[in-house]
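# Remarks on the overall topology
Spelled out from the first residue to the last, the chains are:
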Amino acid sequence: MKNILKLEELAEFILGILIFSRLEFAWWYFPALLLLPDLGMLGYLINSKIGAWLYNFGHHKALGIAILALGFYEQNQGILLFGTILFVHSAFDRMMGYGLKYEDSFENTHLGRIGKTAK
């Protein structure tokens, strides 16, 4: 099942690359901005509950899709870029096995445990 889910995330990642290719930005923007949504992890400096909430908010694909839709509606390249990066980053994370976080610890995700506590 994990491999099927990873293939689905790969397809979404490729879709995001195709969307990005239609934008008016140089290709270097893509790798430069790809990890930007991980800034949500800074919430873990406060506590696990805030960290999980910020991380999950920034990594929820519906947020990326909603921002993409707004960008299409407004015909705004910057908004489209922002939505694309959020969507692609979330697909990439899930493809690598990093899921949305539970409040008890960063390692406890909806896809299973990660890091040193993974089995």
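Residues numbered from 1 in each chain as written. Predicted model: local features only at pLDDT ≥ 70, side-chain atom pairs only at ≥ 80, totals over all residues. Heavy atoms only, no water.

The name an unreviewed UniProt entry gives the protein is DUF4260 domain-containing protein, with Arcicella lustrica as the organism.

Looking now at a nonpolar patch on the surface. Among the surface-exposed residues, Ile 46, Ile 50, Trp 53, Leu 54 and Phe 57 lie close enough to one another that they form a single nonpolar patch of about 520 Å² accessible area. Along the chain, the position of Ile 50 falls in helix α3 (residues 48-58). Taking the relative accessible area as the measure of exposure, Ile 50 reaches 33% and is therefore partly exposed. (Patch = residues over 30% accessible without salt bridge, like charges linked within 9 Å, V, L, I, M, F, W, Y side chains within 5 Å. Areas by Shrake-Rupley, 256 points an atom, 1.4 Å probe, with all protein chains shown as cover. Salt bridge = Lys/Arg side-chain N within 4 Å of Asp/Glu carboxyl O. Helix = DSSP H or I, 4+ residues; strand = E, 2+ residues; numbered from the N terminus. Buried < 20%, exposed > 50% of the residue type's maximum accessible area, 1.4 Å probe, protein only.)

Under the present numbering, the feature "transmembrane region" (unreviewed entry) in UniProt falls on residues 53-73 and 79-96. Annotated as residues 53-73, this span is 90% helix and 0% strand, and its ends, taken at the C-alpha atoms, are 28 Å apart. (UniProt positions renumbered as here; feature names shortened; annotations may be inferred.)

Our focus in this paragraph is the environment of Asn 47. With respect to the helices and strands, Asn 47 occurs in the loop between α2 (29-33) and α3. In this structure, the C-alpha to C-alpha distance between Asn 47 and Pro 37, residues 10 residues apart in sequence, is 18 Å. Here the side chain of Asn 47 touches Lys 49 through a polar contact of 3.0 Å, landing on its backbone nitrogen. Engagement of the side chain of Asn 47 in a polar contact is seen with the backbone nitrogen of Ile 50, the distance being 2.8 Å. (Polar contact = N/O pair within 3.5 Å; in protein donor to acceptor, adjacent residues only side chain to side chain.)

At Gln 75, a position not held by glycine, the phi torsion is positive, near 55 degrees. With respect to the helices and strands, Gln 75 occurs in the loop between α4 (61-74) and α5 (77-95).

Counted by the stated rule, this structure contains 2 salt bridges. The salt bridge involving Lys 61 is made with Glu 9; its shortest N-O contact spans 2.4 Å. Residue Lys 61 is found in helix α4, and its partner Glu 9 is found in helix α1 (residues 2-21); the two are separated by 52 residues along the sequence. Each member of the pair, Lys 61 as well as Glu 9, is classed as buried. Lys 61 is the partner of Glu 12 in a salt bridge, and the nearest nitrogen-oxygen pair spans 2.4 Å. Taken together, the residues span a long stretch of sequence, with Glu 12 in helix α1 and Lys 61 in helix α4 at a distance of 49 residues. Each member of the pair, Glu 12 as well as Lys 61, is classed as buried. Via salt bridges that share partners, Glu 9, Glu 12 and Lys 61 belong to a single interconnected network.

The geometry of an aromatic ring pair comes down to the distance between the two centres and the angle between the two planes. Enumeration according to the criterion identifies 7 aromatic pairs in this entry. Ring centres 5.3 Å apart and planes at 5 degrees place the aromatic pair Trp 53 and Phe 57 in the stacked group. With Trp 53 and Phe 57 both in helix α3 and 4 residues apart, this pair spans about one turn of that helix. We classify Phe 57 as partly exposed; its relative accessible area is 45%. Taken together, the ring pairs in this structure connect Phe 13, Phe 20, Trp 27, Phe 30 and Phe 92 into an aromatic cluster. (Phe/Tyr/Trp six-rings, centres within 6.5 Å; stacked < 30°, edge-to-face > 60°.)

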